[in-house]
Amino acid sequence: MPLSGLRIIDLTRVISGPFCTMLLGDLGADVIKVEIPEGDALRTQGAGREGLSWYFASFNRNKRSITLDLKSPEGRARFEALVTSADALVENFRPGVLARLGYDEARLQELRPGLVTCAISGFGPDGPYRDRPAFDFIAQAMSGFMSVNGQRDDPPLRSGLPISDLVAGLYGALGVTAALLGRERTGRQERVDVSLTTSMVSLLAYVASHYFATGEVLPRSGNDHPISAPYGLFRARDGDIAIAPSDDTFFGRLMDALELGEHKSDPDFANNMLRVKHRTRLNALVSAKLAERDCDHWIALLNKAGVPCGPVYSVDGVFADPQMQSQNMAIDVEHPGHGTVRMLGFPIRLSQSPCRVRYPAPQLGEHNAEVFAEIGPTPLPT
């Protein structure tokens, strides 16, 4: 596997950091999850069975767990021995916490020259908000993300998923991988800093580019696309369909497929900017036609015509869909003592070294003896 032979020390907890290190583990890295004796708080959250949180299990596969008290001499000695064997360290404390424990960047580099370090925080390592606490909801609010969701006159709306945690975890894994590759090529050590809030700001896409170009803030547009039409959610006779004709070519295909070809020459619909301006009338034409038949009919017809479209699934519908099943996006993992746990599969598909589950989510401290034997005797500091 691509990251086989690389050891990652995982000092993270909850979601953003564990997601980052799970991705590295999925790619083959030896991830050592270092937990306080009480364990990661996520172990007790979410739905579960047989005494195991499936929420925790879904973010902590392909890791080994050890318990250390970094405030005790024995815990510090073992941690320092572990650092000397590591390639990277990932943490998601508030900025400065690890340094107050005695492990600032200088000390870590003294223990392991070239160690790649990655810190995931709410606001970043500097700036006026560096010391503020933050969770996903705060990052969604302060990044502008909530302001662009929902209908025009509705309050701002959060994502139903912890998206800032997940995006920050993705960026963290990308940053660590890039830093490890860079170290191999140049010999230079890198520190990676990722924040929940800036990760979300980086996703503002055309909302930000429109603001930079015009000074105007795009209004919320619900399920309609703010700069493309007719692009959004439409109601067929028996349910909703997502349709995304993003340019003139796709618009023409849509009109032909719906037998509304005469409207391709309508001056109000001559280009995308005009279609957005006259969205209400255009959407009404499309909606009236779609209301004549069921979703299945239109989805088959429009896809055949080359118009991007699809159903709106609930979560159970996602995992019943034959395409998702063909991609193995739900996998069953045996957890000794807890039975079979179903979790999300691997979105990254590598042809020669595919991701696989080498370890189920570990019990707290399950690998203490194994890892402590690997790092060898650890005399207490004098």
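Computed from a predicted model, the values in this text were never measured in an experiment.

Peer 1: Help me understand the overall build of the protein in this model?
Peer 2: Within the protein, the secondary structure is distributed over 16 helices and 13 strands. With the C-alpha coordinates of the protein rotated into their principal frame, the extents come out at 85 × 50 × 40 Å. Considering the protein as a whole, with its 382 residues, one finds that 45% of them fall into the buried category. Counting only contacts in the protein whose residues sit at least 6 apart along the sequence, the fraction spanning at least 24 positions is 69%.

Peer 1: Please explain the environment of Tyr359 as it appears in this structure.
Peer 2: Tracing the backbone through its elements, the reader meets Tyr359 in the loop between β13 (339-344) and α16 (368-375). Sequence separation between Tyr359 and Gln45 is 314 residues; the distance between their C-alpha atoms is 21 Å. In contact with Tyr359, not counting residues within four places along its chain, are Arg61, Asn62, Lys63, Arg64 and His367.

Peer 1: So what exactly am I meant to see when it comes to a nonpolar patch on the surface here?
Peer 2: The grouping of Tyr129, Phe137, Ile138 and Met142 at the surface amounts to a nonpolar patch, some 350 Å² of accessible area in total. By relative accessible area, which is 43% here, Phe137 ends up partly exposed.

Peer 1: Please explain the packing of aromatic side chains as it appears in this structure.
Peer 2: How two aromatic rings sit relative to each other is set out by the distance from centre to centre and by the angle between their planes. With the rule as written, the count across this model stands at six aromatic pairs. Plain terms: the ring middles of Tyr211 and Phe212 are 6.1 Å apart, the flat faces sit at 55 degrees to each other, and that makes the pair tilted. The exposure class of Phe212 is exposed, given its relative accessible area of 68%. Their ring planes at 70 degrees and their centres at 6.5 Å tell us that Phe251 and Phe269 sit as a pair that is edge-to-face.

Peer 1: Before we go on, may I ask you to explain the nonpolar core in this structure?
Peer 2: Where a protein is soluble and globular, its nonpolar side chains tend to be buried together. Counting 38 residues, the largest nonpolar core has Ile8, Leu24, Val90, Ile120 and Val176 as its most contacted members. Put simply, the parts of the chain that give this core at least two residues each are α1 (16-26), α2 (54-59), β6 (88-91), β7 (116-121), α7 (163-186), β8 (191-195), β12 (330-335) and β13. If we ignore the near neighbours within four places in the chain, the residues touching Ile8 are Thr21, Leu24, Ala29, Asp30, Val31, Ile32, Ala88, Val90 and Leu180. Formed by 23 residues, the second largest nonpolar core is a distinct cluster that contains Leu11, Ile32, Ile66 and Ala86.

Peer 1: What is the right way to read empty space enclosed by the protein from this model?
Peer 2: Enumeration over the complete set of coordinates arrives at one cavity of 30 Å³ or more. Volume-wise, the largest cavity comes out at about 40 Å³. Along its surface, the largest cavity is lined by Leu23, Asp26, Leu27, Phe346, Pro347, Ile348 and Cys355. Considering only residue class, the lining of the largest cavity consists of six nonpolar, no polar and one charged.

Peer 1: How do you make sense of the pattern of salt bridges when you look at a structure like this?
Peer 2: If charged atoms from side chains of opposite charge come close, those side chains can pair. With the rule as written, the count across this model stands at 25 salt bridges. With a shortest N-O distance of 3.0 Å, Asp87 and Arg183 are connected by a salt bridge. With Asp87 in the loop between α3 (73-84) and β6 and Arg183 in helix α7, the pair connects residues that are 96 residues apart, well separated along the chain. The same class applies to Asp87 and to Arg183, which are both buried. In this structure, Arg130 engages Asp131 in a salt bridge whose closest nitrogen and oxygen atoms are separated by 3.0 Å. Residue classification places Arg130 among the partly exposed positions, given a relative accessible area of 28%. Overlapping salt bridges, with partners in common, bring together Arg7, Asp30, Arg64, Glu370 and Glu374 in one network.

Peer 1: It is not clear to me how the packing of α1 against α7 should be interpreted in this structure. Could you clarify?
Peer 2: Each packed pair of helices is defined by two parameters, the angle between the axes and the distance between the axes. Packing of α1 against α7 brings their axes to within 8 Å, and their N-to-C directions diverge by 45 degrees. With respect to α7, the element α1 is oriented oblique. At the point where α1 passes α7, the crossing takes the right-handed sense. Residues Ser16, Phe19, Cys20, Leu23 and Leu24 of α1 form the contact with α7, whose participating residues are Asp165, Leu166, Gly169, Leu170, Gly172, Ala173, Val176 and Thr177. The residue inventory of the contact of α1 with α7, partitioned by class, reads eight nonpolar, four polar and one charged.

Conventions and cut-offs
Once a new chain begins, its residue numbering starts again from 1 and follows that chain's sequence as written. Reporting of local features is limited, given that this is a predicted model, to residues whose pLDDT is at least 70; pairs of side-chain atoms are given and counted only at 80 or more, and all residues count toward the totals for whole chains, interfaces and linings. Hydrogens and water are ignored here; the side-chain numbers use all heavy atoms of the structure. To qualify as a helix, a DSSP run of H or I must reach at least 4 residues; to qualify as a strand, a run of E must reach at least 2; elements of each kind are numbered from the N terminus. Each residue gets one of three labels from its accessible area relative to the maximum for its type: buried under 20%, exposed over 50%, partly exposed in between, using a 1.4 Å probe on protein chains only. Any two residues whose heavy atoms approach within 4.5 Å are treated as being in contact. For patch detection, residues must exceed 30% relative accessible area and be free of salt bridges, and they are connected within 9 Å for like charges or within 5 Å for nonpolar side chains (Val, Leu, Ile, Met, Phe, Trp, Tyr). The Shrake-Rupley method, run with a 1.4 Å probe sphere, supplies the accessible areas, and residue values consider only the shown protein chains as cover. Here, a salt bridge means any side-chain nitrogen of Lys or Arg that lies within 4 Å of a carboxyl oxygen of Asp or Glu. Whether two aromatic rings pair depends on their centres lying within 6.5 Å, for rings of Phe, Tyr and Trp, where Trp uses its six-membered ring; planes under 30 degrees apart make the pair stacked, over 60 edge-to-face, and the rest tilted. Residues belong to a common nonpolar core when they are buried Ala, Val, Leu, Ile, Met, Phe, Trp, Tyr or Cys residues joined through side-chain atoms within 4.5 Å. Using only the protein atoms, space was sampled on a 1 Å grid; points where a 1.4 Å probe fits but cannot get out form cavities, open sets with protein on both sides within 12 Å along at least five of seven lines form pockets, and lining residues are those with an atom within 4 Å of a point. Grid points are joined across faces, edges and corners, and a volume is the space filled by probe spheres set on the points. Amino acids are sorted into nonpolar (Ala, Val, Leu, Ile, Met, Phe, Trp, Tyr, Cys and Pro), charged (Asp, Glu, Lys and Arg) and polar (every other residue, Gly among them). Note on geometry: axes are C-alpha line fits, over the in-contact stretch for helices, and angles between N-to-C directions span 0 to 180 degrees. These descriptions rest on fixed angle ranges, namely under 35 degrees for roughly parallel, over 145 for roughly antiparallel, 65 to 115 for roughly perpendicular, and the rest for oblique. Helix crossings get a hand from a simple test, with the near helix turned counterclockwise from the far one by less than a right angle marking a left-handed crossing and a clockwise turn marking a right-handed one.

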